[in-house]
Amino acid sequence: MNHAQSDAHTPAPRTVLDASDISRALTRIAHEILERNRGADPVVLLGIPTRGVGLAARISARIAAVEGQSVPTGSLDVTMYRDDIGLKPPRGLEHTDIPPDGIDGKVVVLVDDVLFSGRTIRAALDAIGDIGRPRAVQLAVLVDRGHRELPIRADYVGKNLPTSLVERVTVHLTEYDGTDAVLIADKTPSTDKTAAGAKA
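Nothing here was measured: the structure is a model prediction, and the numbers come from that model.

Rules used throughout
- Residues numbered from 1 in each chain as written.
- Predicted model: local features only at pLDDT ≥ 70, side-chain atom pairs only at ≥ 80, totals over all residues.
- Heavy atoms only, no water.
- Helix = DSSP H or I, 4+ residues; strand = E, 2+ residues; numbered from the N terminus.
- Contact = heavy atoms within 4.5 Å.
- Pairing = 2+ DSSP bridges.
- Axes fitted to C-alpha atoms, helices over the stretch in contact; angles between N-to-C directions.

**Quick look at the environment of Val71**
With respect to the helices and strands, the residue Val71 is situated in the loop between α3 (51-67) and β3 (73-75). Residues Val71 and Val44, spaced 27 residues apart in sequence, show a C-alpha to C-alpha distance of 6.3 Å. With near-sequence residues (within four places) excluded, Val71 lies in contact with Ala40, Val43, Val44, Leu45, Ser60 and Ile63.

**So, the sheet that holds strand β2 (residues 43-47)**
One open sheet holds the five strands; their spatial order is β3-β2-β4-β5-β6, and the pairing between them is parallel. Only two strands of the sheet have a single neighbouring strand rather than two, namely β3 and β6 (156-160). In this sheet, adjacent strand axes meet at a mean angle of 25° when their direction is disregarded. Judged from the eight bridges that link them, strand β4 (residues 107-115) and strand β5 (residues 136-144) form a sheet pairing that is parallel. Directly across from Val114, in β5, lies its bridge partner Val143. Sheet strands touched by α3: β2, β3, β4 and β5. Its angle to β4, the strand with the most contacts, is close to 125°. The strands that helix α4 (residues 119-129) touches are β4 and β5; relative to β4, the one it contacts most, it runs at about 155°.

As structure tokens, then:
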């Protein structure tokens, strides 16, 4: 069987969140962050590259629209803190950008696109420990797909998405992919390759 015939039998990814769904989810998360922390003053947003950075910027903009003030926003690369660093193909280092006033005494809200095993967040907590001592660390994710391997839970969730281990969740954001969508598909040899925004 040739590739064309094989692809014809591969189920197409289905959209579980479209652009309007993502927008509403991020607006809700922004309001929940403000409510829980009684305003924006103590909050620092740190996006986990790649798409967590774009999501953090959007949440920051929504908070600024409500509060009339900007929220310190940066990025946190966790590559060198991962416990699977020697088990997977090497990945390039991403950018860490901590706001000028740092994170000491702040409420750091980590922002990521998909929460899966929890190992990325464990790595992020280790990375934060090398940067400063925040008052608290919270977690905001666009999608929680379950299958946790560590006792980690998100404080703010855009969409709880029950999945099986044979499925792949892919997040597309306009900043990186030209469109906003969250897709889910069965793993196949073609979709099991490392893809930007995909969390298997």
